[in-house]
Amino acid sequence: SWFETLIVACVLYTAILEPVKVCFALEINPEADTVLDLLFIFDLGIQFISGYHDSGGKRFPVLILRRVVSNYVNTWFFVDLVAAIPFDRFYTAAGTQERSVAVRLPGLIKIVRLLKLRRTIRKWNSLSYGPFLKVCTIVFGWVMVAHWFACGWFVLGWYTCPMYADNLDVNGPWVAQYIYTSNL
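Residues numbered from 1 in each chain as written. Predicted model: local features only at pLDDT ≥ 70, side-chain atom pairs only at ≥ 80, totals over all residues. Heavy atoms only, no water.

J.: What should I look at first to understand the layout of surface pockets in this one?
T.: Empty space among the atoms becomes apparent when a probe as large as a water molecule is rolled across them. Put simply, the largest pocket is a space of about 910 Å³. For the largest pocket, the lining is made up of 27 residues, of which G51, Y52, H53, R119 and K123 are closest to its centre. Elements with a contribution of two residues or more to the lining of the largest pocket: α1 (2–24), α2 (30–47), β1 (52–53), α3 (65–75) and α7 (114–124). Among the elements that line the lining of the largest pocket, the one with the most residues is α7, at 5 residues. Among the residues making up the lining of the largest pocket, the classes are represented as 9 nonpolar, 10 polar and 8 charged. Considered as a void within the structure, the second largest pocket measures approximately 400 Å³ in volume. Lining the second largest pocket are 17 residues, and of these L12, L117, I121, T137 and F140 sit closest to its centre. Counting residues per element, the ones that place at least two in the lining of the second largest pocket are α1, α7 and α8 (130–159). Top element by residues in the lining of the second largest pocket is α8. It accounts for 9 residues. Looking at the lining of the second largest pocket residue by residue, the classes come out as 12 nonpolar, 3 polar and 2 charged. (1 Å grid on protein atoms, 1.4 Å probe; cavity = no way out; pocket = protein on both sides within 12 Å on 5 of 7 lines; lining within 4 Å. Points joined across faces, edges and corners; volume = space filled by probe spheres on them. Helix = DSSP H or I, 4+ residues; strand = E, 2+ residues; numbered from the N terminus. Nonpolar A, V, L, I, M, F, W, Y, C, P; charged D, E, K, R; others polar.)

Below you can see the structure in the form of structure tokens.
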């Protein structure tokens, strides 16, 4: 459905930008982040009333509300709940303006939202373009892991040379040199 496609796009947006925001101490479009947080909370509520397919034999749809709620609470509810809580907003709500990685790290919990893709991709695999989707998923997964490693290497390089973090010059470590030359 169009709502599942929207959720997939939002999950991918989160998986790409959240490590960048944490590692580079950036605020990228906070209004969009608020809308995404509200959308994931809305999705949490929608999942309580969305039917599912019973895996016992013939995969018939289950639409009885009590069974739908019970199935959701016993399977994906806690994963969706952890993914929907905007942990990264707690440090600004507490009045903490410190931008260290340790303070921003809870924002990475949003990456748990990638687990939502598993359900949707399993549904899409039964479609005619399922094999193409599997290849795209594998390629995107490798690119995503490379992106996360690149963000991690940046943080490692930046915070191992704290004396140059505020003084960007040509004589500093490679990270400071790179940022200095890209800002010319």
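J.: What exactly am I supposed to notice about the side chain of E18 here?
T.: Position of E18 among the secondary structure elements: in helix α1. A relative accessible area of 4% places E18 in the buried class. Here E18 is in contact with D88, G107, L108 and K110, once residues within four sequence places are set aside. (Buried < 20%, exposed > 50% of the residue type's maximum accessible area, 1.4 Å probe, protein only. Contact = heavy atoms within 4.5 Å.)

J.: Help me understand the state of the cysteines, please; the structure alone is not making it clear to me.
T.: Such a bond, covalent and formed between the sulfur atoms of two cysteines, is termed a disulfide. Counted under the stated rule, the structure contains 0 disulfides. For the unlinked cysteine C23, the closest cysteine sulfur is that of C151, found at 4.7 Å. Given a relative accessible area of 11%, C23 falls into the buried group. (Disulfide = S-S within 2.5 Å.)

J.: It is not clear to me how empty space enclosed by the protein should be interpreted in this structure. Could you clarify?
T.: Evaluated as defined, the whole model comprises 1 cavity of 30 Å³ or more. Of the voids in this model, the largest cavity is the one considered here, and its volume is about 40 Å³. What lines the largest cavity is simply Y13, T14, L17, E18, K21, D33, L36, K110 and R113. In terms of residues, the lining of the largest cavity owes the most to one element, α1, which gives 5 residues. Among the residues making up the lining of the largest cavity, the classes are represented as 3 nonpolar, 1 polar and 5 charged.

J.: Just to check I follow, could you spell out the packing of aromatic side chains for this structure?
T.: Each aromatic ring pair is summarised here by two numbers: the centre-to-centre distance and the angle between the ring planes. Summed over all chains, the structure comprises 7 aromatic pairs. Centre to centre, the rings of F48 and Y72 are 5.0 Å apart; their planes meet at 85°, and the pair counts as edge-to-face. Within this pair, whereas F48 is found in the loop between α2 and β1, its partner Y72 is found in helix α3, the two being separated by 24 residues in sequence. A relative accessible area of 4% means that Y72 is categorised as buried. A connected cluster of aromatic rings, assembled from ring pairs, spans F48, Y72, F77 and F78. (Phe/Tyr/Trp six-rings, centres within 6.5 Å; stacked < 30°, edge-to-face > 60°.)

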